[in-house]
Amino acid sequence: MSRKKTPKSKGASAPPASVLPAANGPRAARPGTARLGPPGPPNGPPPPGRPSLGGGGDFYDVAFKVMLVGDSGVGKTCLLVRFKDGAFLAGTFISTVGIDFRNKVLDVDGMKVKLQIWDTAGQERFRSVTHAYYRDAHALLLLYDVTNKASFDNIQAWLTEIQEYAQRDVVLMLLGNKVDSAQERVVKREDGEKLAKECGLPFMETSAKLGLNVDLAFTAIAKELKQRSTKSTSDLHFQLHDYVQREGRRASCCRP
Ligand SMILES: Nc1nc2c(ncn2[C@@H]2O[C@H](COP(=O)(O)OP(=O)(O)OP(=O)(O)O)[C@@H](O)[C@H]2O)c(=O)[nH]1
Ligand SMILES: [Mg+2]
């Protein structure tokens, strides 16, 4: 976590144009054209171990790093773009190369919480790049694709990796994405809930395409991190579970 207040400047919260995708533009302009590990270019993500959450001129009270992880194609980049820009990247799937990031400042109960969200490549060949960034993450969103059983089966392997590389107290949430694809669904909601319960994780189903539960997932993380930074009670994890269960929406189109 870091704390900082810098003067608000118009449009300053947006990353440089060179790393911004056109909201509905061609897929070639999407984020994820990342650097193959540290050190990155001046506008790219800072190398691990040298956080630069103060960059960009955002106005905020407290800042955290959130990482998106999961198999290639589960929808990490789309989830981030939906959250950041409110758009869906339809069309040809362009896999993220290495790692990329976006910032977004949320108002959490009157406090400006800046999330620096790292979008990792799910492909195996970039795994060593991703490993280097785990240790700086305050929270991880672990995704699988409800239309892809293998991505669900691989969650255990991702958890092992997280255990090995992430901080012990990292905030972790499991997300089953693409629930809009009801016809193609192969992982039932109950299966996701069961796995999450076994692992003690908060769980939600999402759709980057429809925007279902996307803001909620990031808001829940921001609330948890903010609470942890301002309080020292031990039952905060339970509160995150409660919040997610209470607020999570089920789309009528998306029932298994
Ligand atoms: N139907 C549907 N398709 C989605 C959703 N989210 C992502 N997709 C599609 O799934 C494909 C992969 O999405 P990405 O966000 O690029 O996947 P990723 O997890 O970032 O993949 P890597 O960068 O390779 O790790 C794209 O074709 C998206 O359009 C969703 O919520 N619903
Ligand atoms: Mg991606």
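Everything that follows concerns the structure shown earlier in this document.
Residues numbered from 1 in each chain as written. Chains lettered and ligands numbered in written order. Predicted model: local features only at pLDDT ≥ 70, side-chain atom pairs only at ≥ 80, totals over all residues. Heavy atoms only, no water.

Chemist: Honestly, the overall build of the protein in this entry has me stumped. Any pointers?
Modeler: Within the protein one finds seven helices and six strands. Within the protein, the fraction of its 256 residues that count as buried is 52%. By sequence separation, contacts in the protein at least 24 residues apart represent 76% of the contacts at least 6 residues apart. In the form shown here, the protein has an accessible surface area of approximately 11700 Å², with 51% of it arising from carbon and sulfur atoms. (Helix = DSSP H or I, 4+ residues; strand = E, 2+ residues; numbered from the N terminus. Buried < 20%, exposed > 50% of the residue type's maximum accessible area, 1.4 Å probe, protein only. Contact = heavy atoms within 4.5 Å. Areas by Shrake-Rupley, 256 points an atom, 1.4 Å probe, with all protein chains shown as cover.)

Chemist: So what exactly am I meant to see when it comes to the sheet that holds strand 6 (residues 203-205) here?
Modeler: Two pairing modes exist for strands in a sheet, parallel and antiparallel, and in both the strands are linked by backbone hydrogen bonds. One open sheet holds the six strands; their spatial order is 2-3-1-4-5-6, and the pairing between them is mixed. Both edges of this open sheet fall to strand 2 (99-108) and strand 6, since each of them pairs with a single strand only. Ignoring strand direction, the axes of neighbouring strands in this sheet form an average angle of 25°. Bridge count for strand 1 (residues 62-70) against strand 4 (residues 139-145) is five bridges, and the pairing is parallel. Within strand 4, the residue paired with leucine 68 across the bridge is leucine 141. Running over the sheet, helix 5 (residues 189-199) touches strand 4, strand 5 (171-177) and strand 6 and is turned about 160° from strand 6. (Pairing = 2+ DSSP bridges. Axes fitted to C-alpha atoms, helices over the stretch in contact; angles between N-to-C directions.)

Chemist: I keep staring at the packing of helix 1 (residues 76-85) against helix 6 (residues 214-230) and nothing clicks. Help me out?
Modeler: Each pair of packed helices can be summarised by the angle the axes make with each other and by the distance between the axes. Packing of helix 1 against helix 6 leaves a shortest axis separation of 9 Å and a crossing angle of 85°. Viewed along their axes, helix 1 and helix 6 adopt a mutual orientation that is roughly perpendicular. Between helix 1 and helix 6, the contacting residues are Leu79, Arg82 and Phe83 on the first element and Val214, Asp215 and Phe218 on the second. Of the residues belonging to the contact of helix 1 with helix 6, the class tally is four nonpolar, no polar and two charged. (Parallel < 35°, antiparallel > 145°, perpendicular 65-115°, else oblique. Nonpolar A, V, L, I, M, F, W, Y, C, P; charged D, E, K, R; others polar.)

Chemist: So what exactly am I meant to see when it comes to the side chain of lysine 76 here?
Modeler: Among the structural elements, lysine 76 can be located in helix 1. Aspartate 119 is the oppositely charged side chain nearest to the buried, salt-bridge-free lysine 76, at an N-O distance of 5.7 Å. One polar contact links the side chain of lysine 76 to the main-chain carbonyl oxygen of glycine 70, over a distance of 3.0 Å. Other than its neighbours up to four places away in sequence, lysine 76 contacts Leu68, Val69, Gly70, Asp71, Asp119, Thr120, Ala121, Gly122 and Leu143. (Lys, Arg positive; Asp, Glu negative; His and termini not counted. Salt bridge = Lys/Arg side-chain N within 4 Å of Asp/Glu carboxyl O. Polar contact = N/O pair within 3.5 Å; in protein donor to acceptor, adjacent residues only side chain to side chain.)

Chemist: Just to check I follow, could you spell out the site of ligand 1 for this structure?
Modeler: Neighbouring ligand 1 are 25 residues, the closest being Ser72, Lys76, Ser95, Gly122 and Asp180. Taking cysteine 78, its main chain carries an N or O atom lying 2.9 Å from an oxygen atom of ligand 1. Here the shell around ligand 1 gets three residues from one element, more than from any other, and that element is helix 1. In terms of residue class, the shell around ligand 1 is built from seven nonpolar, 12 polar and six charged. (Near = heavy atom within 4 Å.)

Chemist: Just to check I follow, could you spell out the packing of aromatic side chains for this structure?
Modeler: Where two aromatic rings form a pair, the distance of their centres and the angle of their planes describe that pair. Following the criterion strictly, the structure yields six aromatic pairs and no others. Aromatic side chains phenylalanine 101 and tryptophan 118 sit 5.7 Å apart centroid to centroid with 25° between the ring planes, which places their arrangement in the stacked category. Of this pair, phenylalanine 101 sits in strand 2 while tryptophan 118 sits in strand 3 (residues 111-120), and the two are 17 residues apart along the sequence. An angle of 5° between the planes, with centres 6.4 Å apart, marks the rings of tyrosine 144 and phenylalanine 203 as stacked. Of the two residues, tyrosine 144 sits in strand 4 while phenylalanine 203 sits in strand 6, which places them 59 residues apart along the sequence. By relative accessible area, which is 10% here, phenylalanine 203 ends up buried. One aromatic cluster is present, built from ring pairs that chain together Phe101, Trp118 and Tyr133. The aromatic ring of phenylalanine 83 is capped on one face by lysine 104, whose charged end is 4.5 Å from the ring centroid. (Phe/Tyr/Trp six-rings, centres within 6.5 Å; stacked < 30°, edge-to-face > 60°. Lys NZ or Arg CZ within 6 Å of the ring centre and 35° of its normal.)

Chemist: Teacher, can you tell me more about the pairing of strand 2 here?
Modeler: When a strand is regular, its side chains alternate between the sheet's two faces. Where burial is concerned, most of strand 2 is hidden: seven out of the 10 residues are buried. By the bridge criterion, 10 bridges tie strand 2 to strand 3 in an arrangement that is antiparallel. Looking at strand 3, one finds that phenylalanine 101 is bridged to tryptophan 118. Linking strand 2 to strand 3, which pair antiparallel, is a turn of two residues; within it aspartate 109 sits at a positive phi near 50°.

Chemist: Would you take a moment to explain the coordination of the magnesium ion (ligand 2) for this structure?
Modeler: Each angle at a metal carrying four tetrahedral donors should ideally be 109.5 degrees, and each at a metal carrying six octahedral donors should ideally be 90 or 180 degrees. Bound to the magnesium ion (ligand 2) on the protein side are Thr77 (OG1) and Thr96 (OG1), at distances that span 2.0 Å. Pair noted here: threonine 77 is in helix 1 and threonine 96 is in the loop between helix 1 and strand 2, with a separation of 19 residues, a long-range link. Across the pair, exposure class does not vary: threonine 77 and threonine 96 are buried alike. (Donors = N, O, S within 2.8 Å, 3.2 Å for Na, K, Ca; no water.)

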